[in-house]
Amino acid sequence: MYDSFRNRMHTYGKTDGMARVRQSELIMDASFTRDTACKKVYVKWVESGLPEIDKSIDKPVDAKFNPKSYHTITGDEVAYLLQFRKKDLLTNDQIKVGSYVYIPNEFGQWEWWLIAHYDDRSQFRQFSILKCLWTYKWVSEVEGNRVIHTCLGAPRKQNSYNSGVWYDTYTQTTENQDVAWFPTNNDTITLMYDTRFLKSDPRRAQPISWSVTKLEDAVPAGLTKVTLAQDAYDEAKDNAELMIANYYANVTTPVDKAMPKKEIAIVCKGTRAVSAGGGYKQFTAEVYSDGELIDVAQEGVEVQWVVSFPEGDETKFECIADGDTLSIKCLPYYALIGSTFTITATATVDGVEATDTITVEVTGT
């Protein structure tokens, strides 16, 4: 009789503590759906693209949806806690860090969340989840082909003042930063440093552009954390309608074949820029007659140069004009970095006055 009683009690645990744990699990499982925080949710691991629910294949599971903290307008989007039945944790391999969870809110509207952490408490372990508030799109090169990737992510605020990029002492650039968390899958493993995104209100005339400056995909495993620094929107490469940066691969200037050839063109070596505190930059006026480049000295063609500096900055530059060449030097006034000025060259060829104007930028040394 005693052995029979002992064996029956051992089914609950060999110690009193183990028996209490087992009884707690039975009570939790039996009363799981009685909790007002219990919801039917879908858990979905996605290898590529956006998560989708096929109710003929995907089956809902019970989960308790509880707040971890409450939101403040000065803080980040808060994480929530999600608790599953123990039997689902043991049998459903999609319940893991990096998976998406499809959860209905109090109005019956379904929302996507991202599992970001799995705690280590001894019993009734819970997952921390973050709401996916933005669909990120980017372009990467895979096996020589340009591929557009799309991924739901959880935006986070930057906790560090370091964006991971070093800037020159005299150069002033935007240092606004952002963070996004993604699942580590076939899409996000293509993210590299300098991968660019467009992320802003779609009604903006020019979207706000962001560039990857930091990548972390091992803490925890299954999650990719990306730090973004704001950069300049590139109208030639970025597609504002689709909100995809670097959408256009080859940037070319359309040529109007009906437009007659210029009889004069201002050219220079490298970019159209002068360095603050640097040396002279030389610009040359190439003059043409019937489409053929001529020697202005031999033909007696006079080139007139006009330089339009920002008002009040004329004394901060030195200019030397010599026939068809113009040399410009910017004195060490570093506040001029980022400003522009124009150069105009005029010459009379075959009785016709020809003019060309270019814009030059002041850059750092």
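Quick caveat: nothing in here was measured; it's all calculated off a predicted structure.

Caption draft 1: Representation of the overall build of the protein chain within the structure. Helices and strands together make up the secondary structure of the protein chain, namely 4 helices and 21 strands. Here the protein chain, with 365 residues, has 38% of them falling under the buried criterion. Taking the intrachain contacts of the protein chain between residues at least 6 apart in sequence as the baseline, contacts between residues at least 24 apart amount to 54%. Approximately 22400 Å² of the protein chain is accessible, and the part contributed by carbon and sulfur atoms is 50%.

Caption draft 2: Spatial organisation of unusual backbone geometry. The omega torsion of the bond from V219 to P220 falls at -5°, within 30 degrees of zero and hence cis. Positive phi, close to 55°, is recorded for F124, a residue that is not glycine. Within the fold, F124 resides in the loop between β5 (110-118) and β6 (127-131). The class for F124 is partly exposed, based on a relative accessible area of 28%. Look at N246: it is not a glycine, yet its phi comes out positive at around 55°.

Caption draft 3: How the structure looks around the sheet that holds strand β2 (residues 61-67). Around the barrel, which closes on itself, the 6 strands sit in the order β1-β2-β3-β6-β5-β4 with antiparallel pairing between neighbours. Looking at each pair of strands side by side, their axes are set apart by 45° on average, direction ignored. Relative to β6, β5 is paired through 5 bridges, and the arrangement is antiparallel. If you follow Y118 over to β6, its bridge partner there is F127.

Caption draft 4: Seen up close, the sheet that holds strand β7 (residues 134-142). Pairing within the open sheet is antiparallel, and its 6 strands lie in the order β7-β8-β9-β12-β11-β10. Of all strands in the sheet, those bounded by a partner on one side alone are β7 and β10 (196-198). Between one strand and the next, the sheet's axes are offset by a mean angle of 45°, whatever the strand orientation. Sheet topology note: the β7/strand β8 (residues 145-156) ladder contains 9 bridges and is antiparallel. Counted as the bridge partner of S140 is V147 from β8.

Caption draft 5: Highlighting the environment of P202. Mapped onto the elements of the fold, P202 is located in the loop between β10 and β11 (209-218). Here the alpha-carbon distance between P202 and A240, two residues 38 residues apart in the chain, equals 8.0 Å.

Caption draft 6: Spatial organisation of helix α2 (residues 16-30). Taking 1.5 Å of rise per residue, 15 residues should cover 21 Å, and α2 covers 21 Å from first to last C-alpha, within 8% of that figure. Taken as a whole, α2 has its buried residues at A19, E25 and M28.

Caption draft 7: Structural context of the nonpolar core. By size, the foremost hydrophobic cluster in this structure holds 39 residues, and its most contacted members are L82, F84, Y100 and I103. At 5 residues, β5 tops the list of elements feeding residues into this core. Sequence-distant contacts of Y100, that is, excluding residues within four places in its chain, are made with Y42, V43, K44, V46, P51, W112, W113, L114, C132, C151, L152 and P183. Listed in part, the 26 residues of the second largest apolar core include A276, V296, I343 and A347.

Caption draft 8: Main features of the confidence of the model for the protein chain. Mean pLDDT for the protein chain: 83, with 84% of residues reaching 70 or above. Element-level mean pLDDT values for the protein chain span from 61 in helix α1 (residues 2-10) up to 95 in strand β4 (residues 100-104). Contacts for the low-pLDDT stretch residues 251-261, under 50 throughout, to residues beyond four places or in other chains number 2 contacts.

Caption draft 9: Expanded view of the side chain of Q83. Position of Q83 relative to the elements: it lies in strand β3 (residues 80-84). Given a relative accessible area of 7%, Q83 falls into the buried group. Those residues in contact with Q83, other than ones at most four positions away along the chain, are M28, F32, D62, A63, K64, F124, R125 and Q126.

Caption draft 10: Broad picture of the state of the cysteines. On inspection of all chains with the given rule, the structure shows 0 disulfides. Between C132, a cysteine without a disulfide, and C151, which holds the nearest cysteine sulfur, the sulfur-to-sulfur distance is 8.1 Å.

Caption draft 11: Structural view of the packing of aromatic side chains. Applying the stated rule across the entire model yields 17 aromatic pairs. Seen from their ring centres, F84 and F127 are 5.7 Å apart, and the 75° between their planes marks the pair as edge-to-face. Of this pair, F84 sits in strand β3 while F127 sits in strand β6; the two residues are 43 residues apart in sequence, bridging distant segments of the chain. Judged by its relative accessible area of 3%, F84 is buried. The exposure class assigned to F127 is buried, which follows from its relative accessible area of 2%. Plain terms: the ring middles of Y136 and F197 are 5.7 Å apart, the flat faces sit at 85° to each other, and that makes the pair edge-to-face. In this pair, Y136 sits in strand β7 while F197 sits in strand β10, placing the two residues 61 residues apart along the sequence. Assigned by exposure class, Y136 and F197 land together as buried.

Caption draft 12: Representation of the environment of E241 in the model. Structurally, the position occupied by E241 is in the loop between β12 (221-231) and β13 (264-268). Overall, the relative accessible area of 76% leaves E241 in the exposed class. As a C-alpha pair, E241 and R203 span 38 residues in sequence and 9.8 Å in three-dimensional space.

Cut-offs and rules
Residues numbered from 1 in each chain as written. Predicted model: local features only at pLDDT ≥ 70, side-chain atom pairs only at ≥ 80, totals over all residues. Heavy atoms only, no water. Helix = DSSP H or I, 4+ residues; strand = E, 2+ residues; numbered from the N terminus. Buried < 20%, exposed > 50% of the residue type's maximum accessible area, 1.4 Å probe, protein only. Contact = heavy atoms within 4.5 Å. Areas by Shrake-Rupley, 256 points an atom, 1.4 Å probe, with all protein chains shown as cover. Pairing = 2+ DSSP bridges. Axes fitted to C-alpha atoms, helices over the stretch in contact; angles between N-to-C directions. Expected span 1.5 Å × (residues − 1). Core = buried A, V, L, I, M, F, W, Y, C linked by side-chain atoms within 4.5 Å. pLDDT = per-residue confidence, 0-100. Disulfide = S-S within 2.5 Å. Phe/Tyr/Trp six-rings, centres within 6.5 Å; stacked < 30°, edge-to-face > 60°.

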